[in-house]
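The chain contents come next:
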Amino acid sequence: MTLSPSSTMNKQLKGQYLALPQGRNVQVMYVWIDGTGEGLRCKSRTLPEEPKSVADIPEWNYDGSSTHQAKGFNSDMYLIPAAMFRDPFRLDPNKIVLCEVLDYSREPDAKNLRSSCKKVMDLAKESHPWFGLEQEFVLLGINEKPFGWPEGGFPAPQGPYYCSVGANHAYGRDVIEAHYRACLYAGVNISGTNGEVMPSQWEYQVGPCEGIEMGDHLWISRFILHRICEEFGVIATLDPKPVCGNWNGSGCHANYSTELMRKKGGMKYIEEAIEKLSKRHKYHISVYDPNGGKDNMRRLTGSHESSSIDHFCHGMSDRGASVRIPRHVAHDGHGYFEDRRPSANCDPYSVTEALVRTTILNEVDDGDKA
Ligand code: ADP
Ligand code: MN
Ligand code: MN
Ligand code: MN
């Protein structure tokens, strides 16, 4: 049995209780990023009436000593509501709220990367930066082996699985279907899904989102993914290389444009941005996974549709490049480009912040020539 014990509980029985009237009460699920910079935590409270916007949701707190976030004896951390979504699990009028985390002195927690991202996005708002992130992930059984892989062995080599259909090629589609609809219900700007190259690997895309919304929407989409997987009894791993050997890793390609790039003649601005990125490869790699490039080292090997972690390169329609200009964008002469370097477990706030710092705020580093 590779499904979790909780997933085998009687869901019909649960449904009976969830169908009970809730009166005027509204249940709000507070969600935040823990001290690992990857893990999500959540807890719920009742509000006496429906919040109309995030401004109506009160601050809250939790014990940071249990989330790798406490400093000394001051373990209380503040939860500051930042973005509100509809709750696809408890349904209307209940809410999910993504929170920023402040420490006891009301300074942003070390892993609250939304705080600096927001400042950078405010500085760049005239340029209207848009992002679209492609979240790849792999389903695992509760035994932490890829879901549906034969016991003690491997499935047939990669080839038939990408965008596949059929029980022999598509492993665990229920999860991605449930997730897609739940994201739409929640108000997450999910734009599509597809089966990926490794069996039991999937992708969904969120975007285009402008500025700070990219990080907010991607984090909530991840919360919804983990929550749905919990119900099905499987695990979604965002590890960039969950299986070594001849199996693809998982990335989080960042599609990016400014208003100038999207307009007629935009290719000039796309090329300028890529030139700036080529001079800052090390900085970008250092913020494209939560461990300063260590995680991505296992993935960015130069094979399996990835570029080398050591060198920057770009190309039209080239899936082995660090940055790719999609063929249709080259054809139109304007649009967006794709930075293929971010790892599946990246913090979207860091990735979007770095793109804006380099291409709009024109920040440079000395001695970082790729
Ligand atoms: P790929 O061909 O690399 O698999 P996908 O279709 O999976 O690309 O993802 C493309 C992403 O680009 C989507 O998330 C989409 O929302 C996003 N996107 C489309 N237009 C723009 C744009 N002008 N700026 C930024 N992102 C965009
Ligand atoms: Mn894609
Ligand atoms: Mn993909
Ligand atoms: Mn892509």
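Residues numbered from 1 in each chain as written. Chains lettered and ligands numbered in written order. Predicted model: local features only at pLDDT ≥ 70, side-chain atom pairs only at ≥ 80, totals over all residues. Heavy atoms only, no water.

Observations regarding the overall build of the protein chain
This is how the line gets drawn: Put simply, DSSP marks the helices as runs of H or I at least four residues long and the strands as runs of E at least two long, and each gets a number from the N terminus on. Restricting the calculation to C-alpha atoms gives the radius of gyration, and the globule rule supplies 2.2 Å times the number of residues raised to the power 0.38. Note on exposure labels: buried denotes an accessible area under 20% of the residue type's maximum, exposed denotes more than 50%, and partly exposed covers the range between, all computed with a 1.4 Å probe on protein chains only. Any two residues having at least one pair of non-hydrogen atoms within 4.5 Å are treated as being in contact. Here the accessible surface of atoms and residues is derived via Shrake-Rupley with a 1.4 Å probe, and residues count as covered only by protein chains that are part of the display. His residues and chain termini do not enter the charge count, which takes Lys and Arg as positive and Asp and Glu as negative. The location of each charge is read from NZ of Lys, CZ of Arg, CG of Asp or CD of Glu.
Counting its secondary structure elements, the protein chain contains 10 helices and 13 strands. Compactness check: the protein chain gives a C-alpha radius of gyration of 21 Å against a globular reference of 21 Å for 370 residues, within 12% of the reference. Projected onto its principal axes, the C-alpha positions of the protein chain cover 60 × 50 × 45 Å. The buried share among the 370 residues of the protein chain stands at 51%. Sequence-distant contacts, at least 24 apart, represent 67% of the contacts inside the protein chain between residues at least 6 apart. Just so you have it, the protein chain exposes about 17200 Å², and 53% of that area is on carbon and sulfur atoms. Each charge sign in the protein chain was given a centre, from 41 positive and 48 negative side chains, and these centres are 1 Å apart.

A look at the coordination of the manganese ion (ligand 4)
Quick reminder of the rule: Any N, O or S atom lying within 2.8 Å of the metal counts as a donor, and for Na, K and Ca the limit rises to 3.2 Å; water is left out, so some sites can look incomplete.
Within the protein, the manganese ion (ligand 4) binds to E134 (OE), E134 (OE), H253 (ND1) and E338 (OE); these donor distances fall in the range 1.9 to 2.5 Å. Sequence spacing among the residues donating to the manganese ion (ligand 4) works out to E-x118-H-x84-E. In this model, the manganese ion (ligand 4) sits 3.9 Å from the manganese ion (ligand 2), the two metals being bridged by E134. In this pair, H253 is assigned in strand β10 (residues 252-257) and E338 in strand β13 (residues 337-339), connecting sequence segments 85 residues apart.

So, the site of ligand 1
Note the cut-off: Whether a residue is near a molecule or strand depends on its heavy atoms: it is near if one of them lies within 4 Å of it. Under the rule applied, a polar contact is a pair of N or O atoms within 3.5 Å (in protein, one hydrogen donor and one hydrogen acceptor; residues adjacent in sequence only if both atoms are side-chain atoms).
Neighbouring residues of ligand 1: 18 residues in total, closest E134, E203, G207, S257 and E338. Measuring from an oxygen atom of ligand 1, one finds a side-chain N or O atom of E134 at 3.1 Å. A distance of 3.2 Å separates an oxygen atom of ligand 1 from a polar backbone atom of P208. Burial of ligand 1 by the protein chains amounts to 77% of its free accessible area of 580 Å².

Side note on the domain arrangement of the protein chain
Applicable threshold: The split into domains, and so the bounds of each, comes from an automatic or database assignment of domains. Here the quantity called buried area is the accessible surface, traced with a 1.4 Å probe, that two parts lose on coming together, added over both. The term salt bridge refers to a pairing of a side-chain nitrogen on Lys or Arg with a carboxyl oxygen on Asp or Glu at a separation within 4 Å. Amino acids are sorted into nonpolar (Ala, Val, Leu, Ile, Met, Phe, Trp, Tyr, Cys and Pro), charged (Asp, Glu, Lys and Arg) and polar (every other residue, Gly among them).
For the protein chain, the assigned domains read domain 1 (24-111) and domain 2 (121-359). Between the C-alpha centres of domain 1 and domain 2 the distance comes to 26 Å. On the side of domain 2, 22 residues touch domain 1, which itself brings 18 residues to the contact. Roughly 1700 Å² is buried in total at the junction of domain 1 and domain 2, and carbon and sulfur atoms are behind 74% of that figure. Interface area lost by domain 1 to domain 2 is led by E38, F85 and F89, which between them contribute 36%. In this structure, the connection of domain 1 to domain 2 is made through zero salt bridges. Along the contact surface separating domain 1 from domain 2 lie four residue pairs in polar contact (both at pLDDT 80 or more). When contributions to the side of domain 1 that touches domain 2 are tallied by element, the ones reaching two or more residues are β1 (26-33), β2 (40-47), β4 (76-86) and β5 (95-102). By residue class, the composition of the side of domain 1 that touches domain 2 is 12 nonpolar, one polar and five charged.

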